[in-house]
Structures are given as structure tokens and as C-alpha cells.
Amino acid sequence: MVERPDDPSTAAPRQELAVEVAGLHKWYGDFHVLHDINLNVLRGERIVICGPSGGGKSTLLRCINRLEDWQRGRIVVDGIELTEDPKRILAVRRDVGMVFQQFNLFPHLTVLENCTLAPIWVRHMPKREAEALAMTYLDRVKIPDQANKYPARLSGGQQQRVAIARALCMSPNIMLFDEPTSALDPEMVKEVLDTMVELAGDGITMLVVSHEMGFARQVADRVIFMDEGQIVEVNKPKEFFSHPQHERTRLFLKQILHLAGDSGALQPPVGEQPS
Amino acid sequence: MSAIGDQFLYVRGVPADRLPPPAARAGVLGWLRTNLFSSPANITLTLLCVLFIVWAVPPLLRFFLIDAVWSGADGDACLASPAQPQPGACWAFVRVWSSYFVYGFYPIGQRWRVDLFFLTLAFGIVWLLRLSAPRRDISACYFFIVLPILSFVLLHGAPLIGLSVVPTALWGGILVTVVVATIGMVFSLPLGILLALGRCSEMPVVRLFAVIFIEFVRGVPLITVLFMASVMLPLFVPEHLAPDKLIRALIGVALFASAYMAEVVRGGLIAVPRGQYEAARALGLGYWRMTGLVILPQALRVTLPNIVNTFIGLFKDTTLVFVVGIFDFLHAIEAARADPKWAAPTTTVTGYVFAGLFYFVCCYGMSRYARNVEARLTRSGRR
């Protein structure tokens, strides 16, 4: 409680908050996975969470739409406090889109059906309308021509873009990305990042667990570094990369920047559109 | 780089030609050589198999076709006589008794109702199972709602519309086998799915109930279940309230099959990756929609071979209803072969072979259908 991370949004009025996490603790058995997490996310804010694996990044993300439960603390999403109440949970999930590391497309449905499933059955949208909506989003992720294929026929990058379109079809206010590019072949990372950069331009609230430092630098409003279940550092991307405050952050950055092969530029900006 | 030497550096100047795949060794001879005579062991096996066929098939053909007796009024036709020193299978027996095998004691004047039932059922099955048939959504309504009512009216009768009541004690033969098997299959699948979902449920009470039911029913032989249904139930329920004997057996068969089906379906549920559950939940689907739209379609696809396997087992298990005095197809043959009029050494064999053929054709049909569906699913890459 004492070491509350430096959070520029603490003073912001309530309705400006998309996600409010306060004093969150979670244990898996005896293992303390999340340790006093306090985080306020403003509407339209884009946050990248990084840190070593096992640090609780994904777990935190999955708490926000209650795929995981927690033992202490509270989370408020879009003004709805998450409790055991299934109605609240469903209401939050309708409002929060999620993209997974392993895509998790439904293999027995076509790309189009994957996208229309939730609008039809959760939002009770007429089929035709849902299909039109799905096509606009498939258009935006640049794979309208694959609409009638089954996911298994698509490349990893295409599958992940379908997963993004599928989440967008529910018109969420908040998007959670759980290591969206970690399972992709290197040559497909860019197409997914491009899609996400474009999305960031639309002003949707984004929480991204990722090690794509180029993406963080280009898009994030704040970068959060998590280790051992705690938020170690929250900073603006520029500061985060040039003057990391915490010793642990410095070590982590040193390691992944070493892997990336250079110190500052990392990757070229990812904004350019593919043909 | 120069230290490596020129021979390790290479840049392709011209793209390599794409070659057609090598031609398979063509012709019958090529096929024989690769498949039957590729090695000494293979040659030995091939020869042994050929010898076995030569040894076994001609006598069977002779008995069942060449020397068989195809017509006759009674058992004398199938007895050895000077004209026919070694008579073969007594198909005349099957021919004469065939209507009994199909209908049992169903009143002769009312048998058109059974025929109509068979037709509507066959129509329903084809419509439901043919993947290319039109409007398969309606076909499910027809099969699961219209058909049961129609069948009941047809078979049992409805005095209101002039169909006299035929008590189930008169039903018999293939009719009973088909009714028991169809009801068993139609009820065991949904019940099994519910039980499997219960066993995977997060609610301890539901899970406990499902586990107890499944383990209890699976741990008891079907004969015991049938006996309990037909002998013990009347002890607890007053006579006039006790359901019909056939219905009791139907319930027994359906419950028994559903316990097995539950375990089969549970295997499929476990095979669906966790990510599928999470993705469905993250989209805001509730439990039933997640299960019905995302999880079950995948689970059932994986388990299709096992489901059909259970159905085939169930179909053959229907023969056990005879222990509670229900006159199924096999029982009809049993009764007919005891007829002194047809006392001939070959009638029993012929009757049993006929029964075997019937069960084989039905079960093989199911198995072929399942393989067809599997092949389609694999081809469309949905798995």
C-alpha cells in the first residue's frame, strides 16, 4: 500500500476511468501471483505491460474480464464493479474485448461465423446486420477475402487479425491483448502490430501485454513493468526506455534490448501499411 | 568471409524447376508386387490367406447359396432326401416366417401402420443424417418432435381417429428392435451430454449426482437394469400406475446407454482446449451458449467415432430385452425355430445367420455413415 506506483490518473474523475484496479491480491494455492496491484486506466489510454515471464502480467489482464478470480482487492471496469455476480461479469465481458496469445478462434466455424457468433447470440443482432458488421471489421484487418474459410486454412498472422476483428465486433470500449504476437512466426508479427497501431489511432482503451518494445514506444501512453506479481515501474514510454528508474527495469531492458540487437531504435516504426 | 573459401558460398542464379511427382508403379502387377509380394514374410502371409479363402469360402457358398432350400411349405423341404442328400440353408423357413420376424404378433389387418412407421422413420433418418439434404434444421424438429408423436399414434393407436389400440404385448420382431434401439439412441445422446456436462460442472452437487449415476449404472449389467425396471418397479408402484412393460424396458435401455454415452462425451469435452472456453467467455457468452455453440460442436466432432461405437453396442444390446419378456427380433427367431413344423437340422443355423446378417447390415451401415462424416470433416479442414 505504501509503494503506490506513480500514477498520473489518480486524481481523475470517476467516469474518466476505464479500468480501476485497487489493492488487488491473488494467490494460486500458496503462490502469491499478484501482489497489491493498483492501477487506474483512463478512457482511451493505451498501456503496454511488460516484464519477465511469470511476473503476473497475463494474470492481471485476465482478472480485468474475470477469466481469473482474485482473493483481495477490487476491480471496476467501465463503472461496473466486478463481483461474483454473473450478470456483472457478463456485462463487463460484453464491454471488454480480448485477444489471446494462441488466437483461440473457434475451429468449427468459418472466419465470418467466428465474428458474428457473439453479436448474434449476446447482442441479439439480426444475422444480416451482424455479417455486415463483421465484414467491415474484417475489411479493417485486411482479410475480407478470407471470410468464408475455416481458421485452420489461415496463417498465424491472419488468424490473429481475425481474432482482433472478432473482439471488435462486440464494439468493446476496452481491448485486452495478451501477448498477441508471441505465438507468431517473425514475418507475421508486423501485420498484427500494424493492425493494433491502427486500432490505437481510433482512441479505444488498450491494455497490451507484450514484449514488442517498438510497439510500446510508438503507441503506449504508459508502460508498466511488472515483476514477481508487483508493478515495479510505471512510466511514459520515452522515460521508460531512456531513463528507467528501477534497477529491475534497467536489468530487464538491458536483457531484451540486447536480444533485439540494438539499444534504442529496436524495430522500425510499425505504422506503414502492407500492400 | 573470404576465409571460408569460395566453395561454401553460393547464390542461386536460376530458380529450380518444379518436377512432377514420380509416377506410381502402375498397373495391377505393380500393385500386387508392392502390396502382396513385397517380402518373403508378405508372400507367406498372402499365400496363407489365399489358402484359407480357398478352404473356407466354397463350403460356405455351397451351404448358404448353392445347396440352399429356397421354398417349401414346412420343415420337410429342408430335410435330407434322395434328391437332396445334403440340404443347405433353409431359407424357406425364413421366407415363411418373415412377416412374423418383422411384426411379431401385431394384428395382420393393422400391419400397414407398422409399415408406415418404418417409412416415416427411414425418411426422418435420411433427412436428418444426409449432410446435403435441404432444410436440415426442420429435419431435427421432425425427427425429435413430430416423429415420436406420429410413431406413438401409429403403433400404439389412437381410438379418436379410428386407429384401434394395439397393446405392446403384441408388438414384436424387428419392430420392437427398431423401436428400442431408436428410442435408446435418441434419448441416450442428450441425456449422456447432460450427464457429461454435469460431471465436468463446477457445482459440486451436480457433479456428485452425475458421478454417482454414471458409476452406478455403468457398474451394473444391462440385464440387471432391465430386471430392476421390470420386476422391482411394480413392487414400489401400484399396478395401475406402473408403466407399460415395454416402456419400462425402454427407460432402462436409455438410462443404461446414457451412462456410457456420458463418458464418451466427457472424453470429447476434455479434448476441447481451455482456450476455447476462455475465448467464448471473453466474448460474453454465458454457460449454456458457450457450451452449445462452441464447446459441444467441437467435442461431439472429436467423439463421433466413439458415439457411433456406443450406438452399435446399444443396437446389439437391445437383444437383451427378451429376458424381461419382450419379443424382439432375435427372440422372434428363437420362437420360430422351436416350431415343430419346421424341425429340420438346418433351420436353427439359417435363422441365426439371418439374424446375424440383419444386425451386421444395420451396424455396418452406422459405421460407414460415421466414416463418411469423419472424412467430410477432415476434408473441409474443420478439425
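All of these numbers come straight from a predicted model, not from anything done at the bench. Within any chain, residue numbers begin from 1 and follow the written order of that chain's sequence. Naming scheme: in the order in which they are written, chains are lettered from A and ligands are numbered from 1. In view of the model being predicted, local features appear only for residues whose pLDDT reaches at least 70, and side-chain atom pairs are presented and counted only at 80 or more, with totals across whole chains, interfaces and linings using the full set of residues. To obtain the side-chain values, all non-hydrogen atoms of the structure were included, while hydrogens and water were left out.

**Student:** I'm lost on the pattern of salt bridges in this one. Help?
**Tutor:** Side-chain pairs of opposite charge can arise whenever the charged atoms involved come near each other. All names here are of chain A. Only one rule defines a salt bridge in this text: a Lys or Arg side-chain nitrogen within 4 Å of an Asp or Glu carboxyl oxygen. In this structure the tally under the stated criterion is 25 salt bridges over all chains. We note a salt bridge from lysine 26 to aspartate 69, for which the minimum N-O separation is 3.6 Å. Of the two residues, lysine 26 sits in strand S1 (residues 17-28) while aspartate 69 sits in the loop between helix H1 (57-64) and strand S4 (72-77), which places them 43 residues apart along the sequence. Among the residues examined, lysine 26 registers a relative accessible area of 2% and is labelled buried. Working definition: with a 1.4 Å probe on protein chains only, accessible area under 20% of the residue-type maximum means buried, over 50% means exposed, and in between means partly exposed. Residue class for aspartate 69 comes out partly exposed when judged on its relative accessible area of 38%. With a shortest N-O distance of 3.0 Å, aspartate 194 and lysine 190 are connected by a salt bridge. Of the two residues, aspartate 194 and lysine 190 both sit in helix H6 (residues 186-200), four residues apart, roughly one turn of that helix. For aspartate 194, a relative accessible area of 4% translates into the label buried. Taking relative accessible area as the criterion, lysine 190 reaches 38% and is therefore assigned partly exposed. In this description a helix means any DSSP run of H or I spanning at least four residues, a strand means any run of E spanning at least two, and both kinds are numbered starting from the N terminus.

**Student:** What exactly am I supposed to notice about the interface of chain B and chain A here?
**Tutor:** It is common to report an interface's size as the accessible area lost on association of the parts. Two residues qualify as a contact provided that any one of their heavy atoms is within 4.5 Å of a heavy atom in the partner residue. Contact with chain B, which involves 22 residues of that partner, is made by 23 residues of chain A. Roughly 2100 Å² of surface becomes buried between chain B and chain A when both sides are summed, with 62% attributable to carbon and sulfur atoms. A salt bridge links glutamate 278 of chain B to arginine 62 of chain A, with the nearest nitrogen and oxygen atoms 2.8 Å apart. Pairs of N or O atoms are called polar contacts if they sit within 3.5 Å, as long as, within protein, a hydrogen donor faces a hydrogen acceptor (for residues adjacent in sequence, only side-chain-to-side-chain pairs). Along the contact surface separating chain B from chain A lie six residue pairs in polar contact (both at pLDDT 80 or more). Buried area is understood as the total, over both parts, of accessible area removed when two parts are fitted together, assessed with a 1.4 Å probe.

**Student:** Can you walk me through unusual backbone geometry in this structure?
**Tutor:** Across the chain, the bulk of peptide bonds are trans and the bulk of non-glycine residues have phi less than zero. Residues and elements named next belong to chain A. Located in the positive-phi region is aspartate 36, a residue other than glycine, with phi close to 50°. Counting through the fold element by element, aspartate 36 comes out in strand S2 (residues 31-42). We classify aspartate 36 as buried; its relative accessible area is 15%. In this structure, aspartate 78 takes a positive phi of about 50° despite not being glycine. Note on placement: aspartate 78 falls in the loop between S4 and strand S5 (80-81).

**Student:** How do you make sense of the state of the cysteines when you look at a structure like this?
**Tutor:** By definition, a disulfide links the sulfur atoms of two cysteine residues through a covalent bond. Sulfur atoms of two cysteines make up a disulfide when they are within 2.5 Å. Counting across every chain of the model gives one disulfide over all chains. Free of any disulfide, cysteine 169 of chain A has its nearest cysteine sulfur in cysteine 115 of chain A, 4.6 Å distant. In this structure cysteine 169 of chain A comes out as buried when scored by relative accessible area, which is 1%. Lacking any disulfide linkage, cysteine 362 of chain B is separated from the closest cysteine sulfur, that of cysteine 363 of chain B, by 6.5 Å.

**Student:** It is not clear to me how the packing of helix H3 (residues 91-103) of chain B against helix H6 (residues 173-199) of chain B should be interpreted in this structure. Could you clarify?
**Tutor:** Residues and elements named next belong to chain B. Where helices are involved, their axes are fitted lines through C-alpha atoms of the stretch in contact, as for all axes, and angles between N-to-C directions lie from 0 to 180°. Running from amino to carboxyl end, H3 crosses H6 at an angle of 30°, the nearest separation of the two axes being 2 Å. Judged by the angle between their axes, H3 and H6 are roughly parallel. Here Tyr100, Phe101 and Val102 of H3 come into contact with H6, specifically with Gly173, Ile174 and Leu175. All residues other than Ala, Val, Leu, Ile, Met, Phe, Trp, Tyr, Cys, Pro, Asp, Glu, Lys and Arg, Gly among them, are scored as polar; the first ten of these are nonpolar and the last four charged. Looking at the contact of H3 with H6 residue by residue, the classes come out as five nonpolar, one polar and no charged. Between 65 and 115 degrees an angle is taken as roughly perpendicular, under 35 as roughly parallel, over 145 as roughly antiparallel, and anywhere else as oblique.

**Student:** Would you mind going over helix H2 (residues 86-95) of chain A with me for this structure?
**Tutor:** Along H2 of chain A, the residues that are buried comprise Ile89, Val92, Arg93 and Asp95 of chain A. Projection of H2 of chain A onto a plane perpendicular to its axis shows the buried side chains occupying an angular sector of 160°, all on one side. Away from its buried face, by an angle of more than 90 degrees, H2 of chain A presents the exposed residues Pro86 and Lys87 of chain A. In this structure, the buried residues of H2 of chain A make contact with H1, S4, S5, strand S6 (96-99) and strand S7 (174-178) of chain A together with helix H10 (274-282) of chain B. A distance of 3.1 Å separates the backbone nitrogen of lysine 87 of chain A from a side-chain oxygen at the start of H2 of chain A, and that oxygen is part of aspartate 85 of chain A. Throughout, the arc means that of the directions going from the helix axis to the C-beta atoms.

**Student:** Just checking my understanding: could you explain the domain arrangement of chain B for this structure?
**Tutor:** Domain start and stop points were drawn from an automatic or database domain assignment. Each assigned domain of chain B is listed with its residue range as follows: domain 1 (22-56) and domain 2 (167-379). In this structure, domain 1 of chain B and domain 2 of chain B have C-alpha centres spaced 41 Å apart.

**Student:** Just checking my understanding: could you explain the environment of valine 361 of chain B for this structure?
**Tutor:** Residue and element names in this part refer to chain B. Inspection of the secondary structure puts valine 361 in helix H13 (residues 347-379). Residue classification places valine 361 among the exposed residues on the basis of a relative accessible area of 54%. Sequence separation between valine 361 and phenylalanine 213 is 148 residues; the distance between their C-alpha atoms is 33 Å.

**Student:** What should I look at first to understand the nonpolar core in this one?
**Tutor:** Across soluble globular proteins, you tend to see nonpolar side chains buried next to one another. Leu24 and Leu207 of chain A together with Phe101 and Trp171 of chain B are the most contacted members of the largest nonpolar core, which totals 132 residues. The contacts of phenylalanine 101 of chain B, once residues within four sequence positions are left out, are Phe93, Val94, Gly173, Ile174, Phe329, Ala332, Ile333, Ala336 and Phe354 of chain B. Residues belong to one nonpolar core when they are buried, are Ala, Val, Leu, Ile, Met, Phe, Trp, Tyr or Cys, and are joined through side-chain atoms within 4.5 Å. Membership of the second largest hydrophobic core comes to 49 residues, among which are Val48, Val111, Leu184 and Phe215 of chain A.

**Student:** Help me understand the sheet that holds S2 of chain A in this model?
**Tutor:** Adjacent strands of a sheet form backbone hydrogen bonds with each other and so pair up, either parallel or antiparallel. Residues and elements named next belong to chain A. When DSSP finds at least two bridges between two strands, those strands are taken to pair. Here four strands make up an open sheet; going across it, the order is S2-S1-S4-S5 and the pairing antiparallel. The open sheet has two edge strands, S2 and S5, and neither has a second partner. Judged from the five bridges that link them, S1 and S4 form a sheet pairing that is antiparallel. Looking at S4, one finds that histidine 25 is bridged to arginine 72.

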